Amino acid sequence: KKLIFSTLLGGSGGEFWLMPKLDAQGNIFIVGQTESQDFPVTLNALQTTYGGGKSDGAFAVISPDGSKLLYATYLGGSGDELIRSIALEPNGDVYLVGSTGSRDFPVTSDSARTTLKGNDDAFVVKLVLER
């Protein structure tokens, strides 16, 4: 067996990552959560600052050889978030599914529901990344 590459991703707090997905180009898409207020987001991130609470959702894309962080963002409000799953469309659109405990979770004005109903609610987010 031969180690092809190994890389680290995170900030000064804790991170938790779930199973990665690969796109047609071999880019590595990972989801999870971060407790780091200095998580290394990219300039084109959807959310560049930590939302608050114990954790924010975290989403990142790493190059196929592990040498570059292509995209990274926080996703969350003042409560706790975890991105649990990801789906990739062939055109590059990304769906993120997770849970939130934030009354100020970022939702679009035309969403099916815009307010938290329980202690934790599920969320679905669609992102269109730069093509």
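Details of the structure are given in the entry above.
Here we summarise the structure given alongside this text. Keep in mind that this is a model prediction, so the values were computed, not measured.

**Looking at the side chain of Gln33**
Next up, step 1: With respect to the element layout, Gln33 can be found in strand S3 (residues 28–34).
Next up, step 2: Polar side-chain contacts of Gln33 include one of 3.0 Å to the backbone oxygen of Glu81.
Next up, step 3: Residues contacting Gln33, with those up to four places away along its chain left out, are Gly14, Glu15, Phe16, Ser55, Asp56, Gly57, Ala58, Glu81 and Leu82.

**Observations concerning the nonpolar core**
Next up, step 1: One finds Phe59, Val94, Leu96 and Leu129 to be the most contacted residues of the largest nonpolar core, which totals 15 residues.
Next up, step 2: Those elements that place two or more of their residues in this core are S3, strand S4 (56–62), strand S5 (69–75), strand S6 (81–88), strand S7 (93–100) and strand S8 (121–128).
Next up, step 3: Counting residues in hydrophobic clusters, the runner-up holds 10 residues, among them Ile28, Phe39, Ala60 and Tyr74.

**Brief notes about the pairing of S4**
Next up, step 1: With seven of its seven residues buried, S4 lies for the most part within the structure.
Next up, step 2: In this sheet, S4 lies alongside S3 in antiparallel orientation, the contact comprising seven bridges. Its bridge partner lying in S4, Val31 is registered against Phe59.
Next up, step 3: A loop of six residues connects S4 with S5, the two strands running antiparallel in sequence, and Gly66 in this loop sits at a positive phi of about 75 degrees.

**Overview of the packing of aromatic side chains**
Next up, step 1: Tallied over the entire structure, the rule returns six aromatic pairs.
Next up, step 2: Seen from their ring centres, Tyr50 and Tyr74 are 5.7 Å apart, and the 80 degrees between their planes marks the pair as edge-to-face. Here Tyr50, found in the loop between S3 and S4, pairs with Tyr74, found in strand S5; they are 24 residues apart in sequence, far enough to count as distant.
Next up, step 3: Among the residues examined, Tyr50 registers a relative accessible area of 16% and is labelled buried.
Next up, step 4: Where Phe59 meets Tyr71, the ring centres are 5.7 Å apart and the plane angle is 55 degrees; that geometry is what we call tilted. Of this pair, Phe59 sits in strand S4 while Tyr71 sits in strand S5; the two residues are 12 residues apart in sequence, bridging distant segments of the chain. Both residues of the pair, Phe59 and Tyr71, belong to the buried class.

Rules used in this analysis
- Residues numbered from 1 in each chain as written.
- Predicted model: local features only at pLDDT ≥ 70, side-chain atom pairs only at ≥ 80, totals over all residues.
- Heavy atoms only, no water.
- Helix = DSSP H or I, 4+ residues; strand = E, 2+ residues; numbered from the N terminus.
- Polar contact = N/O pair within 3.5 Å; in protein donor to acceptor, adjacent residues only side chain to side chain.
- Contact = heavy atoms within 4.5 Å.
- Core = buried A, V, L, I, M, F, W, Y, C linked by side-chain atoms within 4.5 Å.
- Buried < 20%, exposed > 50% of the residue type's maximum accessible area, 1.4 Å probe, protein only.
- Pairing = 2+ DSSP bridges.
- Phe/Tyr/Trp six-rings, centres within 6.5 Å; stacked < 30°, edge-to-face > 60°.

Function cannot be read off these values alone, since they describe shape.
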